[in-house]
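Chain by chain, the residues run as shown.
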Amino acid sequence: DTAVSQTPKYLVTQMGNDKSIKCEQNLGHDTMYWYKQDSKKFLKIMFSYNNKELIINETVPNRFSPKSPDKAHLNLHINSLELGDSAVYFCASSLDRGRQPQHFGDGTRLSIL
Amino acid sequence: QQQVKQSPQSLIVQKGGIPIINCAYENTAFDYFPWYQQFPGKGPALLIAIRPDVSEKKEGRFTISFNKSAKQFSLHIMDSQPGDSATYFCAASGGTGGFKTIFGAGTRLFVKA
């Protein structure tokens, strides 16, 4: 039983397209996150939701829009994809906000042609 | 002030050796320091974590040493095995930005058989 699952695992698309990544957790956690990992493996927080409320919104282009329909799901929609958006995007969850271990999905590798 | 500096960038050890990965932080309000292990194609997974009220924590072959006055902490892997080859991330959270976890840049460890 996968704790944090993301779909799709791979996404290859053209510049200018719009795409979505879905994330679901079955751990009963209140807090979910989106991270971007670049080619040098650097992990950067993008967004975090706690019980469907946005609590972290880093300096991310407004082409990126997260949506949390319920506390078990956090989706990421990206408009007008650019070459620099190529990265691995990780979803994670934790019991609640703050000083808690985070459980990560296996990532979505986004490649922009 | 929100950065976590991690070194070295990469590390190669012989099987049975003791690799040591170091991290330093500036924000004295941080109060939770996890380490994550990431294998290729997978998301980071929590390995071990420490809070600043203790100076050392051991879990199996993994030990965190914590020096509050120096604002440094390190991961030691005893009797390292080829299966430990992975990327290791230190992280910190707490304080006024308590919801956010700041990750170090990662250390790629290779354990030779």
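See the structure printed just above.
This text gives an overview of the structure that appears in the document. Quick caveat: nothing in here was measured; it's all calculated off a predicted structure.

Remember that side chains alternate between the two faces of the sheet whenever the strand is regular. Residue and element names in this part refer to chain A. Among the eight residues of strand S9 (residues 87–94), eight are classified as buried, and the element is accordingly described as predominantly covered. Neither face of S9 is exposed, since Ala87, Tyr89, Cys91 and Ser93 on one face and Val88, Phe90, Ala92 and Ser94 on the opposite face are all buried. With seven bridges connecting them, strand S4 (residues 31–37) and S9 associate as antiparallel partners. Note that in S9 the partner of Lys36 across the bridge is Tyr89. Pairing analysis gives three bridges linking S9 to strand S11 (residues 108–112), with the strands arranged antiparallel. The residue of S11 that forms the bridge with Ala87 is Leu110. With two bridges joining them, S9 and strand S10 (residues 103–104) adopt antiparallel strand pairing. Opposite Ala92, over in S10, you have Phe104 as the bridge partner.

Note: strands within a sheet are paired through backbone hydrogen bonds, in either parallel or antiparallel orientation. Residues and elements named next belong to chain B. Spatially, S1-S3-S8-S7-S6 is the arrangement adopted by the five strands of the open sheet, whose pairing is antiparallel. Because the sheet does not close on itself, it has two edges, and the strands there are strand S1 (4–7) and strand S6 (56–59). Averaged over all neighbouring strand pairs, the angle between strand axes comes to 15 degrees, with direction disregarded. Judged from the four bridges that link them, S1 and strand S3 (residues 20–25) form a sheet pairing that is antiparallel. If you follow Ser7 over to S3, its bridge partner there is Asn22.

Here is what the cut-offs are and how they apply
Residues numbered from 1 in each chain as written. Chains lettered and ligands numbered in written order. Predicted model: local features only at pLDDT ≥ 70, side-chain atom pairs only at ≥ 80, totals over all residues. Heavy atoms only, no water. Buried < 20%, exposed > 50% of the residue type's maximum accessible area, 1.4 Å probe, protein only. Helix = DSSP H or I, 4+ residues; strand = E, 2+ residues; numbered from the N terminus. Pairing = 2+ DSSP bridges. Axes fitted to C-alpha atoms, helices over the stretch in contact; angles between N-to-C directions.

Interpretation note: all reported values are geometric properties and have no functional meaning in isolation.
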